[in-house]
Amino acid sequence: MSCTQTILDYGLRAIGYGERLLPRSDFTLCQQFTLIGSGMIWNIYFGLFALMFGFCFAVALAMGKDSPRVLLRKPSEWFIFIFRGSPLFIQFFFGYFVFLSLKPIHPMFESLSAAWLGALIVLFCNTSAYSAEIFYGALKSIPKGDTEAADAYGMSGWPRFKRIVFPTMLRLAWPAYTNEAIFLFHSTTLIFFTGFPARQQRGDALYYASYFADKTFNPFVPYPILAMYFILVTLLIIGVFGIANKRLNRHLPSQARPKLRLRPQIIR
Amino acid sequence: MACYLTTGKHMSLYWSVGTVLLLLAITAPAALMFGFGGAAAARSSFTPLRWFGKTYMALIRGVPDIAFFLFFVIALDQGFEWARHQVLCPDWTDAIRQGNDFVVCAEAKLPQGNAPQWVHEVYGFFVAVLTFAIVFGAFAGNVLFGAMRAVPAAQLETAAAYGMSKRQTFWRILVPQMWVFALPGLSNLWMVLIKATPLLFLLGVEDIVYWARELGGTKNPRFTDYPHGDWRMWYFLALLVFYLAFTKVSEVVLDRVMARLTHGQATAAGEAQRKAT
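Residues numbered from 1 in each chain as written. Chains lettered and ligands numbered in written order. Predicted model: local features only at pLDDT ≥ 70, side-chain atom pairs only at ≥ 80, totals over all residues. Heavy atoms only, no water.

- By the naming in an unreviewed UniProt entry, chain B is Arginine ABC transporter permease protein ArtQ, taken from Nereida ignava.
- According to UniProt, the comment filed for chain B under the heading Subcellular location (unreviewed entry) is "Cell membrane".
- On record in UniProt, under Sequence similarities (unreviewed entry), the comment for chain B is "Belongs to the binding-protein-dependent transport system permease family." (UniProt positions renumbered as here; feature names shortened; annotations may be inferred.)

- Within an unreviewed UniProt entry, the label attached to chain A reads Histidine transport system permease protein HisM, and the organism entered is Nereida ignava.
- Recorded under Sequence similarities (unreviewed entry), the UniProt text for chain A is reproduced unchanged: "Belongs to the binding-protein-dependent transport system permease family."
- The record in UniProt for chain A states the following under Subcellular location (unreviewed entry): "Cell membrane".

**Re the packing of helix 4 (residues 117–150) of chain B against helix 6 (residues 166–196) of chain B**
Residues and elements named next belong to chain B.
Here is step 1 of the chain: Close contact between helix 4 and helix 6 brings their axes to 7 Å; oriented N to C, the two are set at 135°. Comparing the axis directions of helix 4 and helix 6 gives the class oblique. As for how helix 4 packs across helix 6, the hand of that crossing is right-handed. Residues Phe132, Phe136, Phe139, Ala140, Val143, Leu144, Ala147, Met148 and Ala150 of helix 4 form the contact with helix 6, whose participating residues are Phe170, Leu174, Met178, Trp179, Phe181, Ala182, Gly185, Leu186, Leu189, Val192, Leu193 and Ala196.
Here is step 2 of the chain: In terms of residue class, the contact of helix 4 with helix 6 is built from 20 nonpolar, one polar and no charged. (Axes fitted to C-alpha atoms, helices over the stretch in contact; angles between N-to-C directions. Helix = DSSP H or I, 4+ residues; strand = E, 2+ residues; numbered from the N terminus. Parallel < 35°, antiparallel > 145°, perpendicular 65-115°, else oblique. Left-handed = near helix turned anticlockwise from the far one by under 90°. Contact = heavy atoms within 4.5 Å. Nonpolar A, V, L, I, M, F, W, Y, C, P; charged D, E, K, R; others polar.)

**A short note on the interface of chain A and chain B**
Here is step 1 of the chain: Tallying the contact residues gives 44 residues for chain A and 40 residues for chain B.
Here is step 2 of the chain: A combined buried area of about 3,800 Å² lies between chain A and chain B, and 77% of that area is made up of carbon and sulfur atoms.
Here is step 3 of the chain: Taken together, chain A and chain B are joined by zero salt bridges.
Here is step 4 of the chain: Where chain A packs against chain B, one counts three residue pairs in polar contact (both at pLDDT 80 or more).
Here is step 5 of the chain: At the level of secondary structure, the elements contributing two or more residues to the side of chain A that touches chain B comprise helix 3 (70–85), helix 4 (88–102), helix 7 (157–187), helix 8 (205–216) and helix 9 (222–248) of chain A.
Here is step 6 of the chain: Residue contributions to the side of chain A that touches chain B peak at nine residues, all from helix 4 of chain A.
Here is step 7 of the chain: Across the side of chain A that touches chain B, the residue classes break down as 29 nonpolar, eleven polar and four charged. (Buried area = accessible area lost by both parts, 1.4 Å probe. Salt bridge = Lys/Arg side-chain N within 4 Å of Asp/Glu carboxyl O. Polar contact = N/O pair within 3.5 Å; in protein donor to acceptor, adjacent residues only side chain to side chain.)

**Describing the UniProt feature "transmembrane region" (unreviewed entry) in chain B**
Here is step 1 of the chain: Per the UniProt entry, the sites bearing "transmembrane region" (unreviewed entry) are residues 12–37, 58–76, 122–148, 169–193 and 233–254 of chain B in this numbering.
Here is step 2 of the chain: Helix makes up 100% of residues 12–37 of chain B and strand 0%, and the two end C-alpha atoms of the span are 37 Å apart.

Okay, here's the thing in structure tokens:
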């Protein structure tokens, strides 16, 4: 079987198109590359959507934690504490079983126990909490002069937030937020190793990598392939966030711009 | 209820908490050692060694760690068996990799096929610890590398001016001073290590996640060993609370240690402490 045929057969296997049966023996390099790459669709899906929705919620959470009102502050603090203080691995398990027990109550909760929605919700909460902490830290380090200037101009409420607080906060938080994005993508690999089932063997990249490793009993091929894909994704994220960083800091003299640096934050 | 919570299987659940704590107790110093080695290698003046140290830290940080956990368990196991195979059966002629199989001679099997159960468990635990130490060693190495660079260069220059050799400078000047700079990073790493312990489950060790799944679940939908339905949710809630409490306690303790260490140091935090009193 030629390689293009394999790509046609298995390229979209992870989302259920193409050949139904996974290869069972005589694994070629091409098959491993294709299937693991097709699993990356899920990793990118989870990462991208959790990041997008999480961003909005994280800003709200950070503002809540900074709020002088107890009713807003306490829930945000607890939310952040719970999701940052416990392992993501356990959160996935817990989330899955909660969704599973919700299932009989109402057909509305039917799709929650499937990975595409349930895991996304857990991941969304998790990344919101982590990013909220980053944004909160940035919020605390906004130069006092900036907000004083806003007060002096008579800005308050929404315009003050939109034009002064939010851009400065984003600018200060951006390097740390880039790391958060990278590690969010890394943590998407946990999903199919927790409670969430991979129906009809539609799994993510690590799922297929470990499938090959189990079948061939040779970890030295599939995992490096997986590593290569993830390094590519990481480079892509650094590139995109770097462009955003440049735009956020475009008003500063070029020496004063903070450089993006990859710092470890690792598993959650 | 109290009777139910003290059944034999629940006792194994409580024991597995001990397993987790034991893992933390062994892994933390081991990872620190790996990290120290990595950081020292990355600073070495011998180029290949420096490359080795830098690649080790960069590679493990760039790839999802769970992939490494899955990878190292098989790779280490096969590595050990391969090494023993080379030593114990030199006159073995067949290839070790036969298609999809990994075949070594019977004497080289680890653990031995006829070994008692506890040997298997201890061996599995040992591989898990080694895996954790390798992965977290890279992160610790990164922290220590940064801390070594944070030690004021003037200190090292002074040492050189006094005629100390490179080795003496490293051990007598650099290493004693770097810990203050490394502590915030290391305490962060400790928190991460705590949160990584449930991954033990993936390495095939019967840890708390395993028992929570086992005990909370029902054997099959209709007949069950346990006097309850699907309780996995509550078991995992208990685990969640356990981890939350654990991280909170460590946070408090580490804050105290940090306050102790910064006392009298010429850093911003030390200065703030001085002003406060």
